[in-house]
Amino acid sequence: MQASAPTTSTLSWQPCPNDNNNDTGLECADLQVPADWQKPEGRKITLRLGRLKSTGTPKGSVLIAYGGPGAPGIAMTRSLQSWWTDLRKSMDVITWDTRGYGSDQFQGLSTGLPCTWTRIPIADLPRDDADFGRLSDTNRGYAEACRLKDPELFANMSSADHARDMEAIRKALGDDRLNYYGASYAGFYGQAYARLFPGNLRTMVLDGTWNHSAADWQRELEAMATTNEQHLRRFFTWCTAHDCKDVPALWRKLIARATGTPVPTRTPNVAYKSGDLQSFALGLARQGEAAWPKLATAIRKASKGDASDFVPARGARYPDQATPVTECTDWPRFTTLKQLTTTIARLRKLAPNAGAANTFATNTLNCIGWPVPVTNPPAPLPDNLPPLLAAGAWGESDATERVLAQVPGSVTIRHDGPGHTLYGTNTCARDHINRYLTVGTLPPAKTSC
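Residues numbered from 1 in each chain as written. Predicted model: local features only at pLDDT ≥ 70, side-chain atom pairs only at ≥ 80, totals over all residues. Heavy atoms only, no water.

Participant: Just checking my understanding: could you explain unusual backbone geometry for this structure?
Facilitator: Leaving glycine out, the prevailing phi sign among residues is negative, and the prevailing peptide bond configuration is trans. With an omega of -10 degrees, the peptide bond running from Gly68 to Pro69 counts as cis. As for its position among the elements, Pro69 is in the loop between strand 4 (61-65) and helix 1 (73-79). One non-glycine residue with positive phi stands out, namely Lys446, at about 65 degrees. Note that Lys446 resides in the segment after helix 15 (427-439). (Helix = DSSP H or I, 4+ residues; strand = E, 2+ residues; numbered from the N terminus.)

If you want it as structure tokens, here you go:
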């Protein structure tokens, strides 16, 4: 399945801004698209595209995105140019700065949403209807300060909107079908594209992403919690051979106690509940053996009443997330306290060590009360897709296998170790991905890198 060269492009490529001498060879072009794809004749916004031309005879192009959401495709491609050396031997590498994430905070050169993006602590679980109502109003307050700057663009920032932008880019390039590499959150753009434009897809790589294509969202939450439990159990298994056999029992007692009484730290006004500790512990557990001694020490100290070793050295002092403008249109959110508490209880029973931490059950708490609806909910992939390729480290490969199980002939490249995305750091995975994007050849099933 060879890539086909583009026909007629409607884009006018020039040296990118701040690259007047064309030192990197990165070219830019502007593309006008609707702010609201449901109103194609309405207001237009600008997408800034970047291109690294093929160093050989071009056989087509590959559209790449780094996720975030909001990761600046042009700036990152400039700084990560060496990643694409082999791919460029036969393909043009195309990227773009996603809508809404502008130059003020994201280095993006496309039309930006003129609001202040902040890091927001993930909310505590509401205890009653009054707490649930306060959380809803608090979230709405954060959102409205941003939404009122540009209500139309704010409401059209979902992964499906990015996918429609991708289709406009494909058409502007003159490509018959799309070749796509999506890392991290950009894997959700790819899954949305596959649902919206299945007949226009040639190859798609989902690298280090999660499942936005589940038919049963509650079961997907359970799968996330199970994966997180595996991260901690992997650490506990390591402890049995590394002089921390006491840690698993200490951990269980610690999170049981912290459910009702926060554990203090030496940082003024910072104390951690069980969900905070579980979130931080999962972050360390996913880093592998390099971080496990630190995690064991932190648990021992916290079990004695001092959780200071869980306090991040930099950044926010509690588990947090960015202002979730895109996320709150992509993921289901709870609408009642009963719905929330029932789900959390089930996840805690399924994953007694990890609980609901770092699943979308807790990561969407800040979307409760959001002033725009979920416009791009998870949904199964269609039946008529070509075989896809995914890649991932611990946990991520499990999630992408649940996506690709819907598409016969697809393959996930697994890395049995820590990390997030494989293309940039794992040459084995990169070679397989490049081969697939250029000639359409998939690696064998159960490939490990």
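Next, the rest of the story.
Participant: Would you explain the sheet that holds strand 4 in this entry?
Facilitator: Within a beta sheet, neighbouring strands are joined by backbone hydrogen bonds and run either parallel or antiparallel to one another. If you trace the 9 strands from one edge of the open sheet to the other, you get 1-2-3-5-4-7-8-12-13, paired in mixed fashion. Strands at the two margins of the open sheet, each flanked by one partner only, are strand 1 (14-15) and strand 13 (411-414). Here 3 bridges tie strand 4 to strand 7 (residues 178-183), and the two strands are oriented parallel to one another. In the sheet register, Ile64 faces strand 7, and the bridge partner there is Tyr181. Contacts between helix 6 (residues 186-196) and the sheet are confined to strand 4, strand 5 (92-96), strand 7 and strand 8 (201-207), with strand 8 contributing the most and set at about 150 degrees to the helix. (Pairing = 2+ DSSP bridges. Contact = heavy atoms within 4.5 Å. Axes fitted to C-alpha atoms, helices over the stretch in contact; angles between N-to-C directions.)

Participant: Teacher, can you tell me more about the side chain of Asp161 here?
Facilitator: Among the structural elements, Asp161 can be located in helix 5 (residues 159-173). The buried category is assigned to Asp161, whose relative accessible area is 5%. A polar contact of 3.0 Å, which involves the side chain of Asp161, links it to the backbone nitrogen of Ser158. Excluding residues that lie within four positions of it along the chain, Asp161 makes contacts with Trp37, Arg99 and Asn156. (Buried < 20%, exposed > 50% of the residue type's maximum accessible area, 1.4 Å probe, protein only. Polar contact = N/O pair within 3.5 Å; in protein donor to acceptor, adjacent residues only side chain to side chain.)

Without other data, these values stay purely geometric and don't point to any function.
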